[in-house]
Amino acid sequence: MKIEESEDPFLSFVDYATSVLSPTQQDEGDSGPGWSWIASRLLKTCTSYSSGVTPAILLSDLFQAWNEQCRTGSSSKRRPDIVNQMKKNHKRTKLPNTVTIDSIYEKNFLSLNSVLEAVVVDAFVLPGTNIYMLSLGDFWSSNTIELYLHRRYYDLMDPRSGILKKGREVLLTGCYLRTAREGSGCTRLLPTEYLVLLLDDDQDDDAMLIAAQFCSDTFSSISLNGPSNGESYSLHARIESIESMEVKGVFDNVQRKEITLVDNDEVRLKFLLWGEQAVLANLFSIGSMLALDRPYIASSKESGVETTSEICLEYGSATQLFLVPFTQHEEQVQVALTQNRYQGSKLMSSDPSQGPKVSQVSLPCNSQGSVDFTNYPFRSFVIDLHDKMSSISLYGVVTDIFCERKTKEAIFFLMIEDSTGKIRVKLHFSKSWSLGRLGLGHTIYVSGLSCYKTKQKILEVSWVENEVGALFVNLSCLPALLNSPCLQQLSCLSDLSCDASCTYICRVRLDQVDQCHVSTRYAHSVCGRAAIQKPDGFTECSFCKSNCNDEVVRTFHLKITLADKSAKMFAWCTGQTASELLQISADDFYELHEDEQFMYPSSLENESFIVALVNSKREGYGLHGLTLETDTVSWEITRALRND
């Protein structure tokens, strides 16, 4: 029996959860979570609950996460009028670290990395003092919260010329929370230096401010000696990229953010944030226009920045920042033909004469014009991929893995196959391979993919480890899969098909253990592949080709017969799976006397297990990269659980 994708228990549960969480037809204007959001959340829960999950656990976690994401306060009518008025024109996507004012009150906590996207509801002076206060609201909360304004922004509160007043949008981070003491005071935000005012160039006053204050100076006009001659600069540029790095300091490594800015003349400069200032980057987004008033002018050489310009910009004690945020445009995306083929029943209305319920969806575009598929309601298939797509997820089988040799970066290529075709994915790791042992025939889920055309007009799909939304899960090696009946379909050994590209779950016993083959070897602990001793004394990983002297562990390589009432088969495994079947660690087995090692497997006759099995030698697997770990045995046991 060949398990088709439509019969995959995990995919079936994703579809079931989608139907449960999707709003009813009466909730017009509402939209439920996308396919990839549900799949990612389910797998994160499965990873957390290695001992197994139930439908109640999975659905409860989904409901809680979705409600938290959608929470908008008790009632929009209770929001301040000024916030409700501005909400109509609010089209920005939330920044990654954004928290709501309601959540601050609920949790009575605020981390320094959190971002508040707020509207000034009121600005006033505390009676009897010269301390300025802002009352802030946001678009998702019914509550407001007060902020002690930092003194570096007091000039913006001038009654005649100040622009920090009621109705102004601000972004702030690096905030400390002063919680209300019992019987006195109220919860407030303490002063933060890290505040950015938002400007709207569609508003006449803001457009005039930008033109008058920030358009006379250009990057080319900046002189390194200018500040010492009494000159100050006000600059206006687009944020092209944001990069993180660590710089070796006198006492410890210092975090640094490098923001690449491009002005109207297409001149580029680096804007640096050091140490605690790095949280400011949480307020920026690619494509937004940044206005810098009185930035600190520094030498690129002294700052250790690799750039063609002799100068760079820094956030100084007098610097103030203003932002015209990038507004995501939406693009109408036709629902792919694959949805009619694989999910057609979900697209049709109850009355066939009315035609499909969904024929296209609106999705946002980023500053490079790439369409963001984060909230795409359906599953994406290989055949659907094309140029300018981002935040794509794929569910499929690994057919090949190979390492990029001609670069110092940690780059690997992965061939993924689903029911519609194959695609090569370029994996970018921050340091080295970090996905554990991954083999041919393993079923995986990967999200955070981007598609684009290379200079040679070839479609390339890439995945960057540390990008927001990047997730990689190997379902074939997921412990919760064996412990969760709702995510598995038990098969008999006689059902296994050599043509199938799926993970089978079987209940088996160990048979003919006197004919099993047990050996130990050294492996790279990070990826589980064999470690090879080189003539120079160093140990190299056979897979990632990295020096792994300090990351070597002893592991098993096991070939053993599995049996059930329907059939017998020879299978292989390695690492933790082999240790589970043999009920002993590789180190302890190695310490046994040779005679004991020979006799040890006989004690395992007829032991019962639930195992995950994949075909690692299907035709077309491993054509270019990954060396097969066994020359003769097709079926790999990717996970095993003793079945008492």
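What counts, and where the lines are drawn
- Residues numbered from 1 in each chain as written.
- Predicted model: local features only at pLDDT ≥ 70, side-chain atom pairs only at ≥ 80, totals over all residues.
- Heavy atoms only, no water.
- Helix = DSSP H or I, 4+ residues; strand = E, 2+ residues; numbered from the N terminus.
- Buried < 20%, exposed > 50% of the residue type's maximum accessible area, 1.4 Å probe, protein only.
- Areas by Shrake-Rupley, 256 points an atom, 1.4 Å probe, with all protein chains shown as cover.
- Pairing = 2+ DSSP bridges.
- Core = buried A, V, L, I, M, F, W, Y, C linked by side-chain atoms within 4.5 Å.
- Polar contact = N/O pair within 3.5 Å; in protein donor to acceptor, adjacent residues only side chain to side chain.
- Expected span 1.5 Å × (residues − 1).
- 1 Å grid on protein atoms, 1.4 Å probe; cavity = no way out; pocket = protein on both sides within 12 Å on 5 of 7 lines; lining within 4 Å.
- Points joined across faces, edges and corners; volume = space filled by probe spheres on them.
- Arc of directions from axis to C-beta.
- Axes fitted to C-alpha atoms, helices over the stretch in contact; angles between N-to-C directions.
- Left-handed = near helix turned anticlockwise from the far one by under 90°.
- Contact = heavy atoms within 4.5 Å.
- Nonpolar A, V, L, I, M, F, W, Y, C, P; charged D, E, K, R; others polar.
- pLDDT = per-residue confidence, 0-100.
- Salt bridge = Lys/Arg side-chain N within 4 Å of Asp/Glu carboxyl O.

**Focus: the overall build of the protein**
And step 1. Within the protein, the regular secondary structure consists of 13 helices and 32 strands.
And step 2. Taken across its 644 residues, the protein has 50% of its residues classed as buried.
And step 3. When the accessible surface of the protein is summed, it comes to about 32,100 Å², and 47% of that surface belongs to carbon and sulfur atoms.

**Description of the pairing of strand 3 (residues 145–148)**
And step 1. Pairing of strand 2 (residues 132–137) with strand 3 involves four bridges; the strand directions are antiparallel. Across the sheet, residue Met133 finds its bridge partner in strand 3, namely Tyr148.
And step 2. Relative to strand 6 (residues 188–189), strand 3 is paired through two bridges, and the arrangement is parallel. Bridge pairing links Leu147 to Leu189 in strand 6.

**Some points on the nonpolar core**
And step 1. Leu261, Phe271, Phe284 and Leu313 are the most contacted members of the largest nonpolar core, which has 62 residues in total.
And step 2. Counting 44 residues, the second largest nonpolar core, distinct from the first, contains Leu394, Trp433, Trp463 and Phe472.

**Section: the environment of Asp138**
And step 1. Note on placement: Asp138 falls in the loop between strand 2 and strand 3.
And step 2. Note on Asp138: relative accessible area 2%, which makes it buried.
And step 3. A C-alpha to C-alpha distance of 5.8 Å links Asp138 and Val119, two positions 19 residues apart in sequence.
And step 4. A polar contact is formed between the side chain of Asp138 and the backbone nitrogen of Ser141, at a distance of 2.7 Å.

**A look at helix 1 (residues 9–21)**
Turn by turn, an α-helix covers 3.6 residues, leaving residues three or four places apart pointing in a common direction.
And step 1. With 13 residues, helix 1 extends 18 Å between its outermost C-alpha atoms, agreeing within 8% with the 18 Å of an ideal straight helix rising 1.5 Å per residue.
And step 2. Looking at where helix 1 begins, the residue whose side-chain oxygen comes 2.9 Å from the main-chain nitrogen of Phe10 is Asp8.

**Description of the layout of surface pockets**
And step 1. When its volume is computed, the second largest pocket comes out at roughly 990 Å³.
And step 2. What lines the second largest pocket is a set of 31 residues, and nearest its centre among them are Glu169, Leu199, Asp200, Gln203 and Asp206.
And step 3. Those elements that place two or more of their residues in the lining of the second largest pocket are helix 4 (81–87) and helix 6 (204–214).
And step 4. Counting residues per element, the lining of the second largest pocket draws most heavily on helix 6, which supplies three residues.

**Some thoughts on empty space enclosed by the protein**
And step 1. With the rule as written, the count across this model stands at two cavities of 30 Å³ or more.
And step 2. Considering only enclosed or pocket space, the second largest cavity measures out at about 30 Å³ in volume.
And step 3. Considering the residues around the second largest cavity, the lining is formed by Ser36, Phe373, Tyr376, Phe378, Ser380, Ser391 and Ser393.

**A closer look at helix 6**
And step 1. Those residues of helix 6 not exposed but buried are Asp206, Leu209, Ile210 and Phe214. Buried residues of helix 6 fall within an arc of 100° about the axis and therefore sit on the same side. Opposite the packed face of helix 6, turned more than 90 degrees from it, sit the exposed residues Asp204, Asp205, Met208 and Ala212.

**As for the packing of helix 1 against helix 2 (residues 35–48)**
And step 1. In the contact formed by helix 1 and helix 2, the axes pass within 10 Å of each other and the chain directions differ by 115°. The handedness of the crossing between helix 1 and helix 2 comes out as right-handed. In this structure, helix 1 contributes Phe10, Leu11, Phe13, Val14, Asp15, Ala17, Thr18 and Leu21 to the contact, and helix 2 contributes Trp35, Trp37, Ile38, Ala39, Leu42 and Leu43.
And step 2. Grouping the amino acids of the contact of helix 1 with helix 2 by side-chain chemistry returns 12 nonpolar, one polar and one charged.

**Let's talk about the confidence of the model for the protein**
And step 1. When pLDDT is averaged across the protein, the result is 86; 89% of the residues are at 70 or more.
And step 2. Across residues 72–77, where pLDDT falls below 50, the model places 10 contacts with residues more than four positions away in sequence or in other chains.
And step 3. Here residues 341–356 is a poorly scored stretch, pLDDT under 50, and it has 23 contacts once near neighbours within four places are set aside; other chains count.

**Some thoughts on the pattern of salt bridges**
And step 1. Under the definition given, this model contains 16 salt bridges.
And step 2. Between Asp511 and Lys568 there is a salt bridge, with the nearest N and O atoms lying 2.7 Å from each other. Taken together, the residues Asp511 in strand 25 (residues 504–511) and Lys568 in strand 30 (residues 568–574) connect sequence positions 57 residues apart.
And step 3. Given a relative accessible area of 7%, Asp511 falls into the buried group.
And step 4. The partner of Glu607 in a salt bridge is Arg642, with the nearest N and O atoms 2.9 Å apart. Of the two residues, Glu607 sits in the loop between helix 13 (594–599) and strand 31 (608–615) while Arg642 sits in strand 32 (residues 635–642), which places them 35 residues apart along the sequence.
And step 5. Look at Arg642 and you get partly exposed, because its relative accessible area is 34%.

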